[in-house]
Amino acid sequence: MAQTKNYRIETRSVHAGSSENLAGAVAPPIHLSTTFRRDPEGNLASDFIYGRSGNPDRTALERAIADLEGGAECVSFASGLAAVHSLLLTLSPGDLVLAPLDAYHGTVRLAKESLARWGLRTRFTDFLDPEDVTAGLDERPALVILETPSNPTLRITDIAAVAARCRAAGALIAVDNTWMTPVLQRPLALGADIVIHATTKYFGGHSDVTGGAVVLREGLELASRLRFVQTETGPVPSPFDAWLLRRGMRTLPVRIRAQSATAGKLAEFLSGHPRVVQTFYPGLASDPGHEVQTRQGDGYGAMLSFRALGGEDHAKGVLSRVKLFTRATSLGGVESLVEHRALVEGPDTKTPRDLIRVSVGLEHPDDLIADLDQALG
Ligand SMILES: *Cc1c(COP(=O)(O)O)cnc(C)c1O
């Protein structure tokens, strides 16, 4: 199926980017070959030359992700952080990047440790504070990176409002859309230039493949530079990883919608629980981000956090007592996970010590609520 524009997102998730194959196989083949044949005159038989620069499974995946995000082009990577890294390497030493104060800790570390030594400047900005945004944009950043909802307190940034200000200031704006996915939120339609994904999470959806992607809007002249950086440095997904991600994507809309519906039920339960101090979930009517997320998205996602009454000891007690939830980091899989986020982020984290982060999976909501109820004690 070449042209999927007129179909809805569920249909495009199944069919977008499919390439022809000679055998007529319904499930696509995997191309493990690292090199591609030339004819006697040296002409290539296809668009592919060598595995690091391109592979048919990768192309099929990239077309499908670009289709769902409404972008012109997608470049897929070996991990989410590889995607962020290559995007930042398209800038020049001395350039300034604005990143959220509470960005994904790997993004913060990459900017502060590795790329600072290379000459990239990063200003950590509170995008919910218009004056801080003004101060940041006054310093003429080359790129602004947003992450909404934030990790782990699910603060919601108004994408359209910040994108309009970036456009006026001449800065490119990228949105990390990992937590919402294009099913629930489409940043390019809200004025962003670039979308970033850790496809490790909901695109894969089964906690068994690591990957990343960068999607570019129509008319943005960045694809060849980004592909050049990737081909020169090599953070490419393997053919099998690209194939697994494309397979996971086919069920993305049904998974994320079911997981989000369950997350809403868990958030309601937690927000009424006497041993919970605070629940962070934009789907709650009382949440400070509720109104903006209702306006800018088609749902509230399947991630939530809560603070246990009684501090760090109670939080660790809850984690020790869960039976159905798995104690592990990451998110987006079919199995529900819990983690003590401050422990994962390390000693200089600002995350409250009594905070538990939850990735809601596809189990029955009543079973998950019963498990949290017994674990809260
Ligand atoms: C997981 C994650 C990343 C990093 O992705 P990896 O595949 O682990 O490198 C980046 N951003 C967000 C929001 C994430 O959740």
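So, how was this worked out
Residues numbered from 1 in each chain as written. Predicted model: local features only at pLDDT ≥ 70, side-chain atom pairs only at ≥ 80, totals over all residues. Heavy atoms only, no water. Helix = DSSP H or I, 4+ residues; strand = E, 2+ residues; numbered from the N terminus. Buried < 20%, exposed > 50% of the residue type's maximum accessible area, 1.4 Å probe, protein only. Phe/Tyr/Trp six-rings, centres within 6.5 Å; stacked < 30°, edge-to-face > 60°. Pairing = 2+ DSSP bridges. Axes fitted to C-alpha atoms, helices over the stretch in contact; angles between N-to-C directions. Near = heavy atom within 4 Å. Polar contact = N/O pair within 3.5 Å; in protein donor to acceptor, adjacent residues only side chain to side chain. Areas by Shrake-Rupley, 256 points an atom, 1.4 Å probe, with all protein chains shown as cover. Contact = heavy atoms within 4.5 Å. Left-handed = near helix turned anticlockwise from the far one by under 90°. Nonpolar A, V, L, I, M, F, W, Y, C, P; charged D, E, K, R; others polar. UniProt positions renumbered as here; feature names shortened; annotations may be inferred. 1 Å grid on protein atoms, 1.4 Å probe; cavity = no way out; pocket = protein on both sides within 12 Å on 5 of 7 lines; lining within 4 Å. Points joined across faces, edges and corners; volume = space filled by probe spheres on them.

Some points on unusual backbone geometry
So, step 1. Following T148, the chain continues into P149 via a peptide bond in cis, with omega recorded as 5°.
So, step 2. Inspection of the secondary structure assignment puts P149 in the loop between β4 (143-147) and α6 (159-169).
So, step 3. With an omega of 5°, the peptide bond between N151 and P152 qualifies as cis.
So, step 4. Tracing the backbone through its elements, the reader meets P152 in the loop between β4 and α6.
So, step 5. Phi at T181 is positive, roughly 70°, even though this residue is not glycine.
So, step 6. You can see T181 is positioned in helix α7 (residues 181-184).
So, step 7. A relative accessible area of 0% means that T181 is categorised as buried.

Here we look at the packing of aromatic side chains
Each aromatic ring pair is characterised by the separation of its centres together with the angle its planes make.
So, step 1. Scanning the entire structure with this criterion turns up two aromatic pairs.
So, step 2. Taken together, a centroid distance of 5.6 Å and an interplanar angle of 40° make the contact between F36 and F48 tilted. Of this pair, F36 sits in the loop between α1 (9-15) and α2 (56-69) while F48 sits in the loop between α1 and α2; the two residues are 12 residues apart in sequence, bridging distant segments of the chain.
So, step 3. By relative accessible area, which is 17% here, F36 ends up buried.
So, step 4. Here F48 falls in the buried class, since its relative accessible area comes to 15%.
So, step 5. For the pair F240 and W243, a centre-to-centre distance of 6.0 Å together with 10° between the ring planes defines the contact as stacked. With F240 and W243 both in helix α9 (residues 239-249), this residue pair falls three residues apart, about one helical turn.
So, step 6. Residue class for F240 comes out partly exposed when judged on its relative accessible area of 41%.
So, step 7. On the basis of relative accessible area, W243 is assigned to the buried category, the value being 19%.

Regarding the sheet that holds strand β3 (residues 121-125)
So, step 1. Overall, mixed pairing links the seven strands, which are arranged β1-β7-β6-β5-β4-β2-β3 in an open sheet. Each edge of the sheet is formed by a strand with only one pairing partner; in this case those strands are β1 (73-77) and β3. When the angles between neighbouring strand axes are averaged without regard to direction, this sheet yields 20°.
So, step 2. As paired strands, β1 and strand β7 (residues 212-216) are joined by five bridges and run antiparallel to one another.

Concerning the site of the ligand
So, step 1. Around the ligand, the surrounding shell holds 13 residues, and the nearest of these are G80, L81, D176, T200 and K201.
So, step 2. D176 places a polar side-chain atom, nitrogen or oxygen, 2.8 Å from a nitrogen atom of the ligand.
So, step 3. A distance of 2.8 Å is found between an oxygen atom of the ligand and a side-chain nitrogen or oxygen belonging to K201.
So, step 4. Its free accessible area being 380 Å², the ligand has 90% of it covered by the protein chains.

Some words on the environment of R217
So, step 1. You can see R217 is positioned in the loop between β7 and α8 (223-233).
So, step 2. Classification of R217 by relative accessible area gives partly exposed; the value is 26%.
So, step 3. When the C-alpha positions of R217 and F48 are compared, they lie 24 Å apart, and in sequence the two are 169 residues distant.
So, step 4. In this structure R217 touches A72, R167, L188, A192 and D193, once residues within four positions along its chain are discounted.

Regarding the environment of A285
So, step 1. You can see A285 is positioned in the loop between β8 (276-280) and α11 (290-296).
So, step 2. Along the sequence, A285 and E69 sit 216 residues apart, while their C-alpha atoms lie 27 Å from each other.

Thoughts on the packing of helix α3 (residues 80-89) against α8
So, step 1. Remark: α3 packs on α8, axes separated minimally by 9 Å, with the N-to-C direction vectors making an angle of 115°. The crossing of α3 and α8 is right-handed. On α8, the residues touching S86, L87 and L89 of α3 are R225, L226, V229 and T233.
So, step 2. Tallied by class, the residues present in the contact of α3 with α8 amount to four nonpolar, two polar and one charged.

A look at the UniProt feature "modified residue: N6-(pyridoxal phosphate)lysine" (unreviewed entry) in the chain
So, step 1. The UniProt feature table records "modified residue: N6-(pyridoxal phosphate)lysine" (unreviewed entry) at K201.
So, step 2. Among all residues touching K201, those that are not within four sequence positions of it are T178, S330, L331 and G332.

Side note on the layout of surface pockets
So, step 1. Volume-wise, the second largest pocket comes out at about 600 Å³.
So, step 2. As for the second largest pocket, its lining consists of 19 residues, of which L101, V108, D348, T349 and K350 are closest to the centre.
So, step 3. Per element, the largest residue contribution to the lining of the second largest pocket is five residues, and it comes from helix α4 (residues 105-118).
So, step 4. The residue makeup of the lining of the second largest pocket, split by class, is six nonpolar, six polar and seven charged.

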